[in-house]
Amino acid sequence: MTAEGALRADIVEVGRRMYARGYTASNDGNISVRLGHDRLLMTPKSVCKGFMTPDMMCITDLEGRKLQGDRDPSSEMLMHLEVYRQRQDVQAVVHAHPPIATGFAVAGIPLTRPVLAEVLTTLGSIPIAEYATPSTSELPQAVRKYIKAHDGMLLANHGALTVGGDLLAAYYKMETIEHFAKISLVARLLGRENLIAREEVARLQALRGTYGITAPAPICEDPPPAGQDATCQVVDAPAGGGLRLVPDLLDAPFGEVSPKLAAQVDKAAPKPMAKAGGEEIRLTYRELSSLIEEAIRNLR
Ligand SMILES: [Zn+2]
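Residues numbered from 1 in each chain as written. Predicted model: local features only at pLDDT ≥ 70, side-chain atom pairs only at ≥ 80, totals over all residues. Heavy atoms only, no water.

1. Re a nonpolar patch on the surface
Logical step 1: Taken together, the side chains of Leu288, Ile292 and Ile296 define a hydrophobic patch exposed on the protein surface, amounting to about 250 Å² of accessible area.
Logical step 2: For Ile296, a relative accessible area of 40% corresponds to the partly exposed category. (Patch = residues over 30% accessible without salt bridge, like charges linked within 9 Å, V, L, I, M, F, W, Y side chains within 5 Å. Areas by Shrake-Rupley, 256 points an atom, 1.4 Å probe, with all protein chains shown as cover. Salt bridge = Lys/Arg side-chain N within 4 Å of Asp/Glu carboxyl O. Buried < 20%, exposed > 50% of the residue type's maximum accessible area, 1.4 Å probe, protein only.)

The following block contains the structure:
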């Protein structure tokens, strides 16, 4: 098989796995790989990634002009092109909507807490790129802010994006993000997360070199200035003071919202607008139900 034939087969296989694991539904998601130094091999628009065949792929140049293929390239091509422009080291780009990671992206909760050693040594942290209308040039702009420092990120109210030195590496990062999101969700439901202390995070970062893991950027020592493109990875690690794990209680028995989370939600929630001259009233569900029942009785 030619090198191009092997890459076409790899894209089919990764698409099949993404669909089988529920990372995409219907025609969601897209995959691309570099084909030599000036061309890309990319999944086409409007096909289910679980049922692709090698002949379906498009070949484009780095400006997105189609060079070969019966179908049009992915509707998220602009995002892929931006990644290849910003990162010469990247050979493959994977985009999907894995449901738990995407849930975090919808909730606006980045995966930046130091919880799992393997995630810290490989991906570091997973930020959320600002909301952008899918398939428009807004999306590459949102991705640009983080792509120099991260191999994986969430896309607000949309999904996740991963990149790698080859297609399998990019795909495995997508698996890692969804797995990390799943574990984080369970820990949060259980009401506590023990966080890896800053000193231990530094030790784990040093292991990257030992294991030959190439991360695009180091973990930030200080919080980076707001509004600028990321040049390091933000990890919300507390000082350990001798401890390697720092308990962070969410103070909630299973199934209840912790006061800490409730306060956050309350802060973020939009305030009801009072009409001019009107006053806000609050009713319990039971009071509201009986008012409705009474109104219905009066109608009869
Ligand atoms: Zn998408």
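2. What about the pairing of strand β7 (residues 152-155)?
Logical step 1: The alternating pattern of β7 places Gly152 and Leu154 on one face and Met153 and Leu155 on the opposite face, and all of these are buried.
Logical step 2: By the bridge criterion, two bridges tie strand β6 (residues 128-129) to β7 in an arrangement that is parallel. Paired with Ile128 across the strands is Leu154, a residue of β7.
Logical step 3: Here β7 hands over to strand β8 (residues 159-164) after three residues, with Asn157 in that stretch at a positive phi of 50°. (Helix = DSSP H or I, 4+ residues; strand = E, 2+ residues; numbered from the N terminus. Pairing = 2+ DSSP bridges.)

3. A look at the pattern of salt bridges
Logical step 1: Under the criterion given, the structure shown has 17 salt bridges.
Logical step 2: Note that Glu82 is salt-bridged to Arg144, the shortest N-O span being 2.7 Å. Here the residue Glu82 occupies a position in helix α2 (residues 77-86), and Arg144 occupies one in helix α5 (residues 138-147), the gap between them amounting to 62 residues.
Logical step 3: Because the salt bridges share partners, they merge into one network encompassing Arg87, Asp89, Asp151 and Lys173.

4. Things to note about the packing of α2 against α5
Logical step 1: In the contact formed by α2 and α5, the axes pass within 9 Å of each other and the chain directions differ by 30°. It follows from the interaxial angle that α2 and α5 lie roughly parallel. Crossing geometry of α2 relative to α5 is assigned as right-handed. Note on element contacts: α5 touches α2 through Leu139, Pro140, Val143, Arg144 and Ile147, opposite Leu78, Met79, Glu82, Val83 and Gln86. (Axes fitted to C-alpha atoms, helices over the stretch in contact; angles between N-to-C directions. Parallel < 35°, antiparallel > 145°, perpendicular 65-115°, else oblique. Left-handed = near helix turned anticlockwise from the far one by under 90°. Contact = heavy atoms within 4.5 Å.)

5. Some points on the sheet that holds strand β5 (residues 92-96)
Logical step 1: Ordered by their spatial adjacency, eight strands build an open sheet running β4-β3-β2-β1-β5-β8-β7-β6, and the pairing between neighbours is mixed. Edge positions in the open sheet fall to β4 (66-68) and β6, since each of these has one partner strand only.
Logical step 2: The sheet contact formed by β7 and β8 spans four bridges and is antiparallel. If you follow Leu155 over to β8, its bridge partner there is Gly159.
Logical step 3: Sitting on the sheet, α2 touches β1 (30-35), β2 (39-42), β3 (58-61), β5, β7 and β8, and the angle it makes with β1 is about 40°.

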